[in-house]
Amino acid sequence: MDEQVNLSKERNMEQSDIGAHDVLGKKLATHRCSIHPSIDLSIFCRKCNKLICPVCLTQEHQQHTMCDIETIHHEKLGILTNKNHIITNEFMPFFSEENSKLDKILVTHQKHCEKMKLNIMEQDRKLKEEITKQTNTLLQTFENALHSTEEDVNNRKSKLENKLSVLKNNHETIDQVQKSDDIRKICKTADDMLDYVNNENISSAPLPRNNEKYKEGDINTEIISTLIGLLQPITLPDTAEVQFKVLKSFVTDLNAIGKVTSGEKTRIKNSTSSVLREIDLNDELLVLGETNNIKVRDMTVNNSGDLFLAIDNKPKIKMVKNGEKEINDFHQFPIPWIDKPQVPVALHCYRNDQIIAGTVEKGTSMDTVPDNVKRQIVCLSEDTTT
Ligand SMILES: [Zn+2]
Ligand SMILES: [Zn+2]
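Naming follows an unreviewed UniProt entry, where the protein chain appears as B box-type domain-containing protein of Mytilus edulis.

Time to look at the overall build of the protein chain. On a plain count of helices and strands, the protein chain comes out with five helices and 14 strands. Evaluated residue by residue, the protein chain yields a buried proportion of 10% over its 386 residues. Across the protein chain, the fraction of contacts at a sequence separation of at least 24, relative to all contacts at a separation of at least 6, is 42%.

At their nearest, the axes of helix 3 (residues 69-178) and helix 4 (residues 183-199) sit 10 Å apart, and the two run at 150 degrees to each other. Viewed along their axes, helix 3 and helix 4 adopt a mutual orientation that is roughly antiparallel. The two elements helix 3 and helix 4 cross, and the hand of that crossing is left-handed. Contacts between helix 3 and helix 4 involve N170, T173, I174 and V177 from the former and K185, I186, T189, M193 and Y196 from the latter. Of the residues belonging to the contact of helix 3 with helix 4, the class tally is five nonpolar, three polar and one charged.

Before going further, it helps to spend a moment on helix 4. Taking 1.5 Å of rise per residue, 17 residues should cover 24 Å, and helix 4 covers 24 Å from first to last C-alpha, within 8% of that figure. Among the 17 residues that make up helix 4, zero are buried, leaving the element largely open to the surroundings.

What follows concerns the confidence of the model for the protein chain. Here the protein chain averages 81 in pLDDT, while 81% of its residues score no lower than 70. Note on residues 1-23: pLDDT under 50 across the span, and 22 contacts to partners over four residues away in sequence or across chains. Scored below 50 in pLDDT, residues 241-256 shows 22 contacts in the model against residues more than four places distant or in partner chains.

Of all the six residues making up strand 8 (residues 296-301), six are buried; the element is thus mostly covered by neighbouring parts of the structure. In this structure, strand 8 lies alongside strand 9 (residues 307-311), joined through five bridges in antiparallel fashion. The residue bridging V296 from the neighbouring strand is I311, located in strand 9. Here strand 8 folds back onto strand 9 in antiparallel fashion, the turn holding five residues, of which G305 has a positive phi close to 90 degrees.

Bringing unusual backbone geometry into the picture now. When glycine is set aside, most residues are seen to have a negative phi, and most peptide bonds are trans. At N49, a position not held by glycine, the phi torsion is positive, near 55 degrees. Positionally, N49 belongs in the loop between strand 1 (43-45) and strand 2 (50-52). The phi dihedral of N313 is positive, around 60 degrees, even though this residue is not glycine. Relative to the helices and strands, N313 resides in the loop between strand 9 and strand 10 (316-320).

A few words now on the environment of G363. Tracing the backbone through its elements, the reader meets G363 in the loop between strand 13 (354-361) and strand 14 (375-381). Residue classification places G363 among the exposed residues on the basis of 10 C-beta atoms within 10 Å. Between the alpha carbons of G363 and V343 there is a distance of 8.5 Å; along the sequence they are 20 residues apart. When near neighbours in sequence (up to four residues on either side) are disregarded, G363 contacts N313 and K340.

The periodicity of an α-helix, 3.6 residues per turn, causes residues three or four positions apart to be oriented the same way. Here helix 3 contains 110 residues, and its C-alpha end-to-end distance of 159 Å stays within 8% of the 164 Å for a straight helix at 1.5 Å per residue. Residue I87 marks the point of greatest curvature in helix 3, where the axis turns by about 35 degrees. The buried count for helix 3 comes to two of 110 residues, which makes it a mostly uncovered element.

By size, the foremost hydrophobic cluster in this structure holds 21 residues, and its most contacted members are M299, F308, L309, A310, I317, L347 and I355. Those elements that place two or more of their residues in this core are strand 8, strand 9, strand 10, strand 12 (342-350) and strand 13. By residue number, the principal contributor to this core is strand 12, which donates five residues. What L347 contacts, discounting residues up to four positions off in sequence, is D298, M299, T300, F308, A310, I317, I355 and A357. With five residues, the next largest nonpolar core counts I43, F44, C53 and C56 among its residues.

On to the UniProt feature "coiled-coil region" (unreviewed entry) in the protein chain, then. When the UniProt feature table is mapped onto this chain, "coiled-coil region" (unreviewed entry) is found at residues 150-177. Within the segment residues 150-177, helix and strand shares are 100% and 0% respectively, and the terminal C-alpha atoms sit 40 Å apart.

With respect to topology, three strands assemble into an open sheet ordered 12-13-14, the strand pairing being antiparallel. Two strands bound the open sheet, and with one partner strand each, they are strand 12 and strand 14. Pairs of neighbouring strands in the sheet enclose a mean axial angle of 25 degrees, with direction left out of account.

Spatial strand order, 8-9-10-11: four strands in an open sheet with antiparallel pairing. Pairing within the sheet leaves two strands with one partner each, and these edge strands are strand 8 and strand 11 (328-332). Each strand axis lies, on average, 30 degrees off the axis of its neighbour in the sheet, ignoring direction.

About the criteria used
- Sequence order as written defines the numbering, with residues in each chain counted from 1.
- Chain A is the first chain written and ligand 1 is the first ligand written, with later ones labelled in order.
- Local features in this predicted model are restricted to residues whose pLDDT is 70 or higher, and side-chain atom pairs enter the listing and the counts only when it is 80 or higher, whereas totals over whole chains, interfaces and linings include all residues.
- The helix and strand labels rest on DSSP assignments: H or I over at least four residues marks a helix, E over at least two residues marks a strand, and numbering proceeds from the N terminus.
- Each residue is classed by its C-beta neighbour count within 10 Å, where at least 20 other C-beta atoms makes it buried, 12 or fewer makes it exposed, and intermediate counts make it partly exposed; the C-beta atoms are placed from backbone geometry.
- We call two residues in contact when the distance between their C-beta atoms, placed using the backbone, is within 7 Å.
- Each axis is a line fitted through C-alpha atoms, and for a helix only the stretch in contact is used; angles between axes span 0 to 180 degrees, taken between their N-to-C directions.
- Orientation is classified from the angle alone, with under 35 degrees giving roughly parallel, over 145 giving roughly antiparallel, 65 to 115 giving roughly perpendicular, and any other angle giving oblique.
- For a crossing to be left-handed, the near helix must be turned anticlockwise from the far one by less than a right angle; the clockwise case is right-handed.
- Lys, Arg, Asp and Glu make up the charged group, whereas Ala, Val, Leu, Ile, Met, Phe, Trp, Tyr, Cys and Pro make up the nonpolar group; the residues left over, Gly among them, are polar.
- Given the number of residues in a helix, its expected span is that number minus one, multiplied by 1.5 Å.
- Each residue carries a pLDDT score, the predictor's confidence in it, ranging from 0 to 100.
- Strand pairing is defined by DSSP finding a minimum of two bridges between the two strands.
- Bend angle per residue: angle between axes fitted to the 7 residues ending at that residue and the 7 residues starting there.
- The term nonpolar core refers to a set of buried Ala, Val, Leu, Ile, Met, Phe, Trp, Tyr and Cys residues connected through C-beta atoms within 7 Å.
- UniProt positions are given in the numbering used here, feature names are shortened, and annotations may be inferred rather than shown by experiment.

Below, the structure is given as structure tokens:
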């Protein structure tokens, strides 16, 4: 809030004159003092920020800074004009934009869900097509099996028919020859039949029994889901402006005491007693300088010797320029209108022109950071100071 007030003051300076003149000179209604009811409130006490009467002035407001009603009227009108300007030109566009971001992300979700549903239906179509194809292959297997068995059986039967025909001929031949009076023919036929019977094999040929068996598939098995597809959580791309790229979430654990060395300077900090101390490592840790009442969460130094400080639970990074004592603001983290702001908990200087800050949600206890707390790695170029 302090930041807001400071900003507002600056705006007041610029615009305090706007819109005030045309109302000046207007006659204002008078009010009586609540402590001295017979006297009008005619003076403004700047220190107490209230209207007082001349008698009040002689009592508790003697050392205070005063101004007359017209001046404060002018000033307050200026503030109203300025605030109205901010409300109209900054706040309203901002919250309208937030509103439209919500509309956009909703549309993104709608489109995403429709696309996913189409993909699932397409997979359903492909699956059914594939199932039908495989079913037909299974059915065809039995068509083929029966067909080849039929061929085999028919082939065997035609051979058997030949044999039966030969048998019948031989049987008839024997019948005729038995009644014959031709001894040569009887001898010849007897020899032939002897050969025939000796050479004929009547052991059974194995029957064609090979085929396939269909075993029902288990449609309750988990494996079917790999055919259908699985669901995995995703984060849709932010339709709103992205200020920082989240490279990785992380949890940091910091000791109360940290050390930074840069060339000749070494600093230690102690969060519990709120001390930042510059020491000389070569002189038994001689204290060269000390800043109190500063809860430093983490710190880092660039090659130029500038010190960057992450202050405990504050959404900003402060900086001490090399050779200077003064601690100035370096970077202010945005304060979102719904979530808590990110506060830096770890700093690292990278390639001397970037400060990498690990941040967590403001107010997070670092002893046990819950999983649902937002964390970020923020990369800051030093140009952001301008
Ligand atoms: Zn009074
Ligand atoms: Zn006063």
